Amino acid sequence: MQDIQRLSGELFPLLEPYKRLMVIGPTDTGKSTFIKNYALYLISRGETPYVVDLDVGQSDIGPVGTIGSVKATKTFTLLEELPVHDLEFFGFSAPSHDIISYMHCVHRLSQKLPEGKKVLIDTTGWIHGYEAFSLKLSKANILDVDAVLLIGEVVHRWERAFSGVGIRVFKCLPSKLVVPKDKSRRKLNRYAATLRFFEKCPLAKLDIKRFPAWARELKDPKHRILGLYTKKFELTAVAWVLDVQEGMLIIRVHKLGQETPTFVRVGQKISL
Ligand SMILES: Nc1ncnc2c1ncn2[C@@H]1O[C@H](COP(=O)(O)OP(=O)(O)OP(=O)(O)O)[C@@H](O)[C@H]1O
Ligand SMILES: [Mg+2]
């Protein structure tokens, strides 16, 4: 069996008939690079694919703790150059923190995807154990996936489950070109990505006591990421707490809509 970067050129035409492709594999196997290259291939074929990033730990679309989708209207180097189609706030860097809320975000995102367009779905590298397997199958079902690319020997064992529910399975080995990232490198990357995302956003003050908050814990809010919602449960802004002064949160805020928030969801700390 060939590895992913060698197989890419051969796989792209074989994948073309399928509407919704999900790429599944362990961390550092070349998933995101494959999706980016396949999106560029589809653009060269005159298509406008949507790319979905479900990797809350290091999304290429929104800040850490979010999942999102972009519309690939033109060739690109980084996904963040493309117009954001949808962003959903989860608040943690791993789905295992709160699987129910994570799946709720996936469900909301799926409802906002268009019919009739190619959708390429990137996932986290969490593949060990029953929960990981169950989560991937549920996501494939919610997002109406019709093809999966399984990278690496461990997930090749999932082939029967996916083909059993009518999903076409493609398999390959991990990319040999990936330089694996250790835990501290991932933490550093998360911090750098958060800084990059929020650095151009305006500063604001938030009196969190005025809002109903959805939080695991509210003490020590400094460096936490926040999702601000309307009463219709639409995400209207994401924010990062820089400091706490006299009970007020000093935040950088990235607005997604014009409506004023009515409740706040408090995520994890992103700091060095
Ligand atoms: N085909 C390739 N050609 C050149 N470099 C590659 C290729 N695939 C992966 N890489 C390198 O390896 C790095 C990690 O690859 P990538 O982000 O695609 O893996 P991943 O499986 O999505 O990782 P993660 O589990 O962290 O999401 C990339 O930043 C890139 O530098
Ligand atoms: Mg990735």
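Quick notes on the rules
- Residues numbered from 1 in each chain as written.
- Chains lettered and ligands numbered in written order.
- Predicted model: local features only at pLDDT ≥ 70, side-chain atom pairs only at ≥ 80, totals over all residues.
- Helix = DSSP H or I, 4+ residues; strand = E, 2+ residues; numbered from the N terminus.
- Rg over C-alpha atoms; globule rule 2.2 N^0.38 Å.
- Buried ≥ 20, exposed ≤ 12 C-beta atoms within 10 Å, placed from the backbone.
- Contact = placed C-beta atoms within 7 Å.
- Domains from an automatic or database assignment.
- Nonpolar A, V, L, I, M, F, W, Y, C, P; charged D, E, K, R; others polar.
- Expected span 1.5 Å × (residues − 1).
- Pairing = 2+ DSSP bridges.

### Re the overall build of the protein chain
Now for step 1: Across its full length, the protein chain carries 7 helices and 13 strands.
Now for step 2: Whereas a compact globule of 272 residues would reach a radius of gyration of roughly 19 Å, the protein chain reaches 19 Å, a difference of no more than 12%.
Now for step 3: Each of the three principal axes of the protein chain carries a C-alpha extent, and together these read 60 × 35 × 30 Å.
Now for step 4: For the protein chain, with 272 residues in total, the buried portion stands at 36%.
Now for step 5: Pairs at least 24 apart in sequence give 65% of the contacts found in the protein chain among residues at least 6 apart.

### A short note on the domain arrangement of the protein chain
Now for step 1: In terms of domain boundaries, the protein chain breaks down into domain 1 (4-172) and domain 2 (189-269).
Now for step 2: Domain 1 and domain 2 are separated by 27 Å when their C-alpha centres are compared.
Now for step 3: In this assembly, 13 residues from domain 1 lie in contact with 15 residues from domain 2.
Now for step 4: Class assignment of the residues belonging to the side of domain 1 that touches domain 2 gives a composition of 5 nonpolar, 7 polar and 1 charged.

### Structural notes on helix 2 (residues 31-44)
Now for step 1: In a regular helix each residue adds 1.5 Å, so 14 residues correspond to 20 Å; helix 2 covers 20 Å between its end C-alpha atoms and thus fits that length.
Now for step 2: Where helix 2 is buried, its residues meet helix 1 (4-15), strand 1 (20-24), strand 2 (50-53), strand 5 (119-122) and strand 6 (147-151).

### Digging into the pairing of strand 6
Now for step 1: For strand 6, the buried fraction is high: 4 of the 5 residues fall into the buried class.
Now for step 2: Sheet analysis places strand 1 next to strand 6, joined by 4 bridges and oriented parallel. Counterpart to Met22 in the pairing with strand 6 is Val148.
Now for step 3: Bridge count between strand 6 and strand 7 (residues 168-172): 5 bridges; the pairing is parallel. The partner of Val148 across the bridge, within strand 7, is Val169.

### Topic: the sheet that holds strand 12 (residues 248-255)
Now for step 1: Strand order in the open sheet formed by 6 strands is 8-12-11-10-13-9, with mixed pairing between adjacent strands. Looking at strand neighbours, the two that pair on one side only are strand 8 (203-206) and strand 9 (213-214), the edges of this open sheet.
Now for step 2: Inspection of the sheet shows strand 9 paired to strand 13 (residues 263-269) by 2 bridges, in the parallel sense. Residue pairing across strands places Trp214 opposite Arg265, the latter belonging to strand 13.

### So, the environment of Asp86
Now for step 1: For Asp86, the position within the fold is in strand 4 (residues 84-89).
Now for step 2: Given 22 C-beta atoms within a 10 Å radius, Asp86 is considered buried.
Now for step 3: For the pair formed by Asp86 and Glu131, sequence separation is 45 residues and the distance between their alpha carbons is 26 Å.
Now for step 4: In contact with Asp86, not counting residues within four places along its chain, are Gly68, Ser69, Leu109 and Lys112.

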